[in-house]
Amino acid sequence: MEAVIAVLALLFVLFVVLGAYATVKAVGAAKRSADRHITQARRTVEDHTLKVKSFAQSGPAGEIAQLRLTLRTSMRATQDALEGGATEDQSLKESLTLFERLSAHGHELEGELRRLESEPDRGSLGRRLPELRERTHRITRSADSLRWAARDRARHFADDDLDSLSSQIDMETGALRHWTTTEQQSAPASASAASASPPRPAATAEDAPAAGPARPAITPPGPRLTYPWQKKPRPESTT
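Conventions used here
- The residue count restarts for each chain, going from 1 along the sequence in the order it is written.
- Local features in a predicted model are, by the rule used here, given only for residues with pLDDT of at least 70; side-chain atom pairs are given and counted only at 80 or more, and totals for whole chains, interfaces and linings are based on all residues.
- The side-chain figures draw on all heavy atoms in the structure; neither hydrogens nor water molecules are used.
- Among the buried residues, those of types Ala, Val, Leu, Ile, Met, Phe, Trp, Tyr and Cys that are joined through side-chain atoms within 4.5 Å form a nonpolar core.
- To sort residues, take the accessible area from a 1.4 Å probe on protein chains only and compare it with the maximum for the residue type: under 20% means buried, over 50% means exposed, and anything in between is partly exposed.
- In this description a helix means any DSSP run of H or I spanning at least four residues, a strand means any run of E spanning at least two, and both kinds are numbered starting from the N terminus.
- Any two residues whose heavy atoms approach within 4.5 Å are treated as being in contact.
- Counted as salt bridges are all cases of a side-chain nitrogen of Lys or Arg within 4 Å of a carboxyl oxygen of Asp or Glu.

Draft legend 1. A look at the nonpolar core. Ranked by size, the top nonpolar core spans 20 residues in total, and within it Ile64, Met75, Leu109, Leu113, Leu132 and Ile139 carry the most contacts. Going through the elements one at a time, helix H2 (60-86), helix H3 (92-117) and helix H4 (122-176) are the ones with two or more residues in this core. In this view, Leu113 contacts Ile64, Leu67, Arg68, Leu132 and Thr136; residues no more than four positions away in its chain are not counted.

Draft legend 2. Representation of the environment of Leu113 within the structure. Inspection of the secondary structure puts Leu113 in helix H3. Residue class for Leu113 comes out buried when judged on its relative accessible area of 0%. Distance from Leu113 to Ala61, taken between C-alpha atoms, is 9.8 Å for residues 52 residues apart in sequence.

Draft legend 3. Looking closely at the pattern of salt bridges. Counted according to the given criterion, the structure contains 13 salt bridges. The partner of Glu110 in a salt bridge is Arg68, and the shortest N-O contact between them spans 2.6 Å. On the criterion of sequence distance, the pair formed by Glu110 in helix H3 and Arg68 in helix H2 is long-range, its members being 42 residues apart. With respect to burial, Glu110 and Arg68 carry one shared label: buried. One salt bridge connects Arg128 with Glu131, and the closest N-O pair in it is separated by 3.7 Å. Placement of both Arg128 and Glu131 in helix H4 is noted, with a separation of three residues, approximately one turn of the helix. Here Glu131 falls in the partly exposed class, since its relative accessible area comes to 34%. A network of salt bridges, in which partner residues are shared, links Arg68, Arg72, Glu110, Arg114 and Glu117.

Here is the structure:
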């Protein structure tokens, strides 16, 4: 009895632990999903704000906003391309490592540009713009190179797969149409066989089947019928 109680208590504890673990996992997944949606919404708002600033503000402030928008757009597109392709192509793992190192420079530049947006000294900001423009161009050029290389690699593999698939389909369609080739080969063969066969010799008397007993041409007449109205023949006189 004590053993049964111990087993039941152990099962109860196990169910409680499993329930708590499932609850923690569900809460964690919900939190990650909510954080992801919040981050995406915040990025969208920031991008729209930068677009408005780049068009509404003139001078160095507007160009700073445009540099931030260009940097963010390029880095985000490259990250999505590499992370999406790495799930199918393990060769992109090294590219992701390089992109992480590039992202460190991108985050540093992004923070510096954000701080310079509120810089009151427009003269100093104007003197910094050439250097900031060059750094933004170098980072975005490297990110674009990684992104387009990953896309070209994926397209190359897709083209190779399509070529292989097209060859297999051509072979299959040829096999399905094999009956056409068979008919075309059998028709000349039949014609040549007919032309090559020797003529049949004419039938001779020896080849004819043995004749049976000769039959009369006309069936001999049977006894002639006599009718009551006919006269009997007169016997010839002996005198």
